[in-house]
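Residue-level structure breakdown
As a plain string of letters, each chain reads:
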Amino acid sequence: MTLFSTSSTPSIFHQNLRINLSEDSASWLNNSTVPPVRFAGLGTSLFTMTFGAISNLTALGILIKSRVRFRRQSKAPFLLLTVALLLADLAGHLIPGAFALYLHMNQRNKIQVGKPTKEFCQIFGASMVFFGLCPLLLGCAMAVERCVAITQPFFHAAMITLAHMVRVVFFLSSLAFFLAVLPLFSVGTYTTQFPGTWCFLPIHGSKTTADTNLILIFSCLGLSALALSLLCNILSALALLKARIKSRSANTIPAAQRSRHPSSTSSSSSFCSLDLEMMVQLAVITVVSCVCWSPFLIHILVMHFSQNLTDAPHEKDGVILLGLRMASWNQILDPWVYILLRRAVLLRVCCAFYTQKSMVPENSSYAETHRQALSLQ
């Protein structure tokens, strides 16, 4: 999803902080027109969509350039999942962004326009759900694949192939597509959301049982993907830390004993170096996804249960817009993880760190030698 709602968000959000939204939201939901909005952010929305698309294309170019290294290190399944994630982010900027810009242009050409047609809103909402779930599910698959590769390397080498990952990508995409198109077959519905610049599942107001189930599935599936990604990354990090400790203990073995078992030391050190880059990328992606998506997913979930308990209309449309803005940044930050946290960049950072660290004992030894020389004089 791109920044479909940010062009009108700043002014509306600040107004919502000063007025009661219950009357405004209720009147908007009952009227056939949307409230007039300011259009100063239209250029910002277009720039953000363009910047996100360029970022994803740049990251894809970097990954394609490094495909030989990934194939040589048997990391082709991870590369496939990464390419699928970036393609989903790229399409999530262009397709929903084009729908949103169409609504913004309509509101710019007219002071006050009617709500978008039902067919337009259905397609817009389906793209929002599909491109919202795909990055979360693919990021979770990446975390599971790395966890299996690090904790069970022999099983991963024997069972996890590129063909299996193709099936996983197809299954996850089909699952997101199936949930997205259900309202198109009268199982649930998509409605225009305040302030009329995006369509989604009905978040507040009266909902059918199908709408309620779809909202619960969307929120729970997204949160479950984030939780599973966190768990897998923690297990992978612990396995890498354990391998690192074994590698350091092997380096402390005397040379005579080390020569008897050279393979274990080299294998553990190469194990850590090969997976460090991908683990750093996965950890940052997981943190970015949790920070960007958790507010929106948790908010609509809590709001759903609070509505069931109180049957009161929701009064915080500005909070929903803010959570939606944060979620849209996920697809902008994902490609920059691969652009900035590449192996070359990590090696430069590590080299600079170890160089600076090694200079400290050298300077201290030089000062000690100089001090001894002065005492002898």
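Residues numbered from 1 in each chain as written. Predicted model: local features only at pLDDT ≥ 70, side-chain atom pairs only at ≥ 80, totals over all residues. Heavy atoms only, no water.

**Regarding the overall build of the protein**
Threshold: Runs of H or I in DSSP of at least four residues are treated as helices and runs of E of at least two as strands, each being numbered from the N terminus. We call a residue buried when its accessible area falls under 20% of the maximum for its residue type, exposed when it is over 50%, and partly exposed in between, using a 1.4 Å probe and counting protein chains only. Whether two residues are in contact is decided by their heavy atoms, any of which lying within 4.5 Å being enough. Accessible surface is estimated by sampling points in the Shrake-Rupley manner with a 1.4 Å probe; for residues, cover comes only from the protein chains shown.
Check the secondary structure of the protein and you find 14 helices and two strands. Per-residue burial over the protein gives 46% buried out of 377 residues. Long-range contacts, defined as pairs at least 24 residues apart, comprise 84% of the intrachain contacts of the protein with a sequence gap of at least 6. Accessible surface for the protein amounts to roughly 19,400 Å². Of this, 68% is attributable to carbon and sulfur atoms.

**Quick look at the nonpolar core**
Rule in force here: Throughout, nonpolar core names a set of buried Ala, Val, Leu, Ile, Met, Phe, Trp, Tyr and Cys residues whose side chains join them through atoms within 4.5 Å.
Ranked by size, the top nonpolar core spans 65 residues in total, and within it Trp198, Phe200 and Phe218 carry the most contacts. Ranked by residues supplied to this core, first place goes to helix 6 (residues 118-151) with 16 residues. For Phe218, the contacting residues outside a window of four places in its chain are Val129, Leu133, Phe200, Trp293, Phe296, Leu297 and Ile300.

**Remarks on the state of the cysteines**
Just so we agree on the cut-off: Note on terminology: disulfide denotes any pair of cysteine sulfur atoms within 2.5 Å.
Across all of its chains, the model carries one disulfide by this definition. Here Cys140 stays unpaired: no disulfide links it, and the sulfur of Cys232, its closest cysteine neighbor, is 6.3 Å away. As a non-bridged cysteine, Cys292 has Cys290 as the owner of its nearest cysteine sulfur, 9.5 Å distant. The exposure class assigned to Cys292 is buried, which follows from its relative accessible area of 7%.

**Description of the packing of aromatic side chains**
Ring pairs (aromatic) are described by centroid distance and by the angle formed between their planes. Which entries qualify depends on this criterion: Classification of ring pairs rests on two measures: the distance between centres of Phe, Tyr or Trp rings, Trp counted by its six-membered ring, which must be within 6.5 Å, and the angle between planes, read as stacked under 30 degrees, edge-to-face over 60 and tilted in between.
Counted according to the given criterion, the structure contains 11 aromatic pairs. Their ring planes at 85° and their centres at 6.2 Å tell us that Phe130 and Phe177 sit as a pair that is edge-to-face. Of this pair, Phe130 sits in helix 6 while Phe177 is found in helix 8 (residues 162-181), placing the two residues 47 residues apart along the sequence. According to the relative accessible area criterion, Phe130 is buried, its value standing at 18%. Ring geometry for Trp198 versus Phe200: centroids 6.0 Å apart, planes at 40°, classification tilted.

**Focus: the confidence of the model for the protein**
Low pLDDT marks regions whose predicted coordinates should not be analysed in detail. Counted only if it meets this: Per-residue confidence from the predictor is given as pLDDT, running between 0 and 100.
Considering every residue of the protein, the mean pLDDT works out to 74; 65% of them sit at 70 or more. Taken element by element, the protein is modelled with least confidence in helix 1 (residues 9-16), mean pLDDT 40, and with most confidence in helix 8, mean pLDDT 94. Segment residues 258-272: pLDDT under 50, and 15 contacts once partners within four positions in sequence are set aside and those in other chains are kept. Residue range residues 309-314 is modelled with pLDDT below 50. Its contacts to residues more than four positions away, or to other chains, number seven contacts.

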